[in-house]
Amino acid sequence: MAVKIRLKKGDRVVITAGKDKGKTGDITRVIKGTRPGDHRVVVGGANMVKRHTKPTQMNPGGIIEREAPIHISNVAMVDPKDSGATRVGYTFLEGGRKVRFAKRSGEIIDR
C-alpha cells in the first residue's frame, strides 16, 4: 500500500524518535522513495553526522558536519496553535481548494 507524504519542504516539524528526540526544525528536503520504507526528510540542524571528504578543486576537504536524512515516521508536524506534535489531515475550503490542517487543534496549515 502506498504511503501518502503529508509533509512538505519548509514545514516546521518535531523529531519524535532517535538521538535528537524533541528537537524542532524546518524540513529542507523531502526524499520520496520507490518503497514506503524509503520516504525520508532532512531537518535543518538535526541528525548531524560527520563526513570525511577528500579535497577537490571546489572543496578544501577535511571533516565536515551535515544533516542526514530521517525516516518520515520519526517526525511530526508542529501544531501552529500550541507548538505540540500533531498529525496532518486534509479538508476543502468553501472555494473548493484542498488544504492541510492540524488534527490536534483544527488550524489550517497551508498558506
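Residues numbered from 1 in each chain as written. Predicted model: local features only at pLDDT ≥ 70, side-chain atom pairs only at ≥ 80, totals over all residues. Heavy atoms only, no water.

Focus on the pattern of salt bridges
Link 1 in the chain: With the rule as written, the count across this model stands at seven salt bridges.
Link 2 in the chain: For the salt bridge of D38 with R35, the shortest nitrogen-to-oxygen distance reads 3.6 Å.
Link 3 in the chain: Overall, R35 belongs to the exposed group, its relative accessible area being 56%.
Link 4 in the chain: Of the charged contacts in the structure, one is a salt bridge between K81 and E107, with a shortest N-O distance of 3.8 Å. A residue pair is termed long-range when its members are at least 10 positions apart, and K81 in the loop between β7 (75-78) and β8 (85-86) and E107 in the segment after β10 (98-102) qualify at 26 residues.
Link 5 in the chain: One salt-bridge network, in which partners are shared between bridges, spans D11, R100 and D110. (Salt bridge = Lys/Arg side-chain N within 4 Å of Asp/Glu carboxyl O. Buried < 20%, exposed > 50% of the residue type's maximum accessible area, 1.4 Å probe, protein only. Helix = DSSP H or I, 4+ residues; strand = E, 2+ residues; numbered from the N terminus.)

Observations regarding the side chain of D110
Link 1 in the chain: With respect to the helices, strands and loops of the structure, D110 is situated in the segment after β10.
Link 2 in the chain: Judged by relative accessible area, which is 16%, D110 ranks as buried.
Link 3 in the chain: Once residues lying within four places of it in the same chain are set aside, the contact partners of D110 are K8, K98, V99 and R100. (Contact = heavy atoms within 4.5 Å.)

Considerations on a positive patch on the surface
Link 1 in the chain: Residues K4, R6, K32, R87, K98 and K103 make up a contiguous surface patch of positive charge.
Link 2 in the chain: Here K103 shows up in the segment after β10. (Patch = residues over 30% accessible without salt bridge, like charges linked within 9 Å, V, L, I, M, F, W, Y side chains within 5 Å. Areas by Shrake-Rupley, 256 points an atom, 1.4 Å probe, with all protein chains shown as cover. Lys, Arg positive; Asp, Glu negative; His and termini not counted. Charge placed at Lys NZ, Arg CZ, Asp CG, Glu CD.)

Observations regarding the environment of I64
Link 1 in the chain: The residue I64 is located in strand β5 (residues 62-67) in this model.
Link 2 in the chain: I64 sits in the partly exposed class, given a relative accessible area of 33%.
Link 3 in the chain: Residues I64 and T53, spaced eleven residues apart in sequence, show a C-alpha to C-alpha distance of 7.3 Å.
Link 4 in the chain: Discounting chain neighbours no more than four positions away, the residues touching I64 are V49, K50, R51 and T53.

Points about the nonpolar core
Link 1 in the chain: If you look at the biggest cluster of nonpolar residues, it comprises 15 residues, and the most contacted ones within it are L7, V13, V41, V43 and V75.
Link 2 in the chain: Counting residues per element, the ones that place at least two in this core are β1 (12-15), β3 (40-43) and β7.
Link 3 in the chain: If near-sequence neighbours (up to four positions away) are discounted, V41 is found in contact with I27, R29, V30, A68, P69, I70, I72 and V75. (Core = buried A, V, L, I, M, F, W, Y, C linked by side-chain atoms within 4.5 Å.)

Notes on the environment of K98
Link 1 in the chain: Note on placement: K98 falls in strand β10.
Link 2 in the chain: Assessed through its relative accessible area of 44%, K98 is described here as partly exposed.
Link 3 in the chain: Among all residues touching K98, those that are not within four sequence positions of it are Y90, T91, F92 and D110.

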